[in-house]
Amino acid sequence: MARSGKRGVDYLPLDVHMNDKMRFVELRFGLKGFAVVVKLWMKIYDNGYYCEWNEDVALMFAGENRAGVNAVSEILSEAIKRGIFDKRLYEKYGILTSRGIQQRYLEMTSRRKRVDFKKEYLLIDIPQNAENVYINGINVNINPQNDNINSQRKLKESKVNKSKVKERKASEASASASADTAADTDIQPKSDIDKVMD
C-alpha cells in the first residue's frame, strides 16, 4: 500500500509586524500569550492547515510547552475572540484554523503533487486552476470545460465520420447516375459489341 504524502510543512511564515489581533493577545498575556499562539500555529502547520483541539490535546500541549492548562485555555479563548482562529469551526468541529492559515498553507504547498482539503473545514476559495488541490478526494481542476474533453473529441470525430459517409454516398450516387446514363444511350459493353461484329 502506498504511503500518503506529507500533510504538514516544515516552516511557517511569521510577519515582522504583528496585526492588532496579536497585539491584544500580547498586551493581555505578555510574551507567554504570544508564545502560545505561535506554538499553536506550529502545531497546526505541522499537521497541515488545521489541528484538532479537545481536552486531551490541550493537556498534552500545555505539558509539552510548560504552560498551565488554564493559561493555554484563556489565551486560546482570547485568540478565538480576536479572530486569530475561526470561532465557528472551533465550536462546530473542535479544530483550530483560520482563513490566513489556510491561504498560507495553500501557497506553501503549491508545488506539491497533491494537497487535500476537507470541504467542511474550508474558509477560502480554491482557484479552479489549482491542479494539485483535492477537496474530499475530488480534484478541483475538473470542471465542465475540461471534464468533457473526450466527448468533444468524440462529437468532432462523429461529425467527421458523418461527413465521410455523405461524401461516399454522393460518389456512389454519381457513379450510379453515370451507369444509368450509359444505359440510356444504348452503349453496350464491349463483349456484346464483339458478338454483333461476328
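Residues numbered from 1 in each chain as written. Predicted model: local features only at pLDDT ≥ 70, side-chain atom pairs only at ≥ 80, totals over all residues. Heavy atoms only, no water.

Chemist: Explain unusual backbone geometry here, please?
Modeler: As a rule of thumb, non-glycine residues mostly have phi less than zero, and peptide bonds are mostly trans rather than cis. Phi at R66 takes a positive value of approximately 50 degrees, unusual for a residue other than glycine. Note on placement: R66 falls in the loop between α2 (55–64) and α3 (69–81). (Helix = DSSP H or I, 4+ residues; strand = E, 2+ residues; numbered from the N terminus.)

Chemist: What exactly am I supposed to notice about the pattern of salt bridges here?
Modeler: Think of it this way: side chains of opposite charge can pair up when their charged atoms draw near. Inspection of every chain in the model, using the stated rule, returns four salt bridges. Note that R82 is salt-bridged to E78, the shortest N-O span being 2.8 Å. R114 is the salt-bridge partner of D116, the closest N and O atoms lying 3.1 Å from each other. Residue classification places D116 among the partly exposed positions, given a relative accessible area of 40%. A residue is classified by how much of its surface remains accessible, and R114, at 41% relative accessible area, is partly exposed. (Salt bridge = Lys/Arg side-chain N within 4 Å of Asp/Glu carboxyl O. Buried < 20%, exposed > 50% of the residue type's maximum accessible area, 1.4 Å probe, protein only.)

Chemist: I keep staring at the side chain of T97 and nothing clicks. Help me out?
Modeler: Here T97 is to be found in the loop between β2 (95–96) and α5 (99–108). T97 gets classed as buried once you look at its relative accessible area, which sits at 0%. Here Y49 takes part through its backbone oxygen, which lies 2.6 Å from a polar atom of the side chain of T97. If we skip the residues at most four places from it in the chain, T97 touches Y49, Y50, I84, F85, D86, L89, Q102 and L123. (Polar contact = N/O pair within 3.5 Å; in protein donor to acceptor, adjacent residues only side chain to side chain. Contact = heavy atoms within 4.5 Å.)

Chemist: In this structure, what is going on with the side chain of T109? I would like to understand it.
Modeler: With respect to the element layout, T109 can be found in the loop between α5 and β3 (115–117). Every residue in contact with T109, bar those within four places of it in the chain, is listed here: V9, V115 and N132.

Chemist: Can you walk me through the packing of helix α1 (residues 20–47) against α3 in this structure?
Modeler: To characterise two packed helices, one gives the angle between the axes of the helices and the distance between these axes. Contact pair α1 / α3: the axes reach a minimum separation of 9 Å and the direction vectors enclose 95 degrees. The angle between the axes of α1 and α3 places the two elements in the roughly perpendicular class. Mapping the contact onto sequence places V25, R28, F29, K32, G33, V36, V37 and L40 in α1 and A71, E74, I75, L76, E78 and A79 in α3. Among the residues making up the contact of α1 with α3, the classes are represented as nine nonpolar, one polar and four charged. (Axes fitted to C-alpha atoms, helices over the stretch in contact; angles between N-to-C directions. Parallel < 35°, antiparallel > 145°, perpendicular 65-115°, else oblique. Nonpolar A, V, L, I, M, F, W, Y, C, P; charged D, E, K, R; others polar.)

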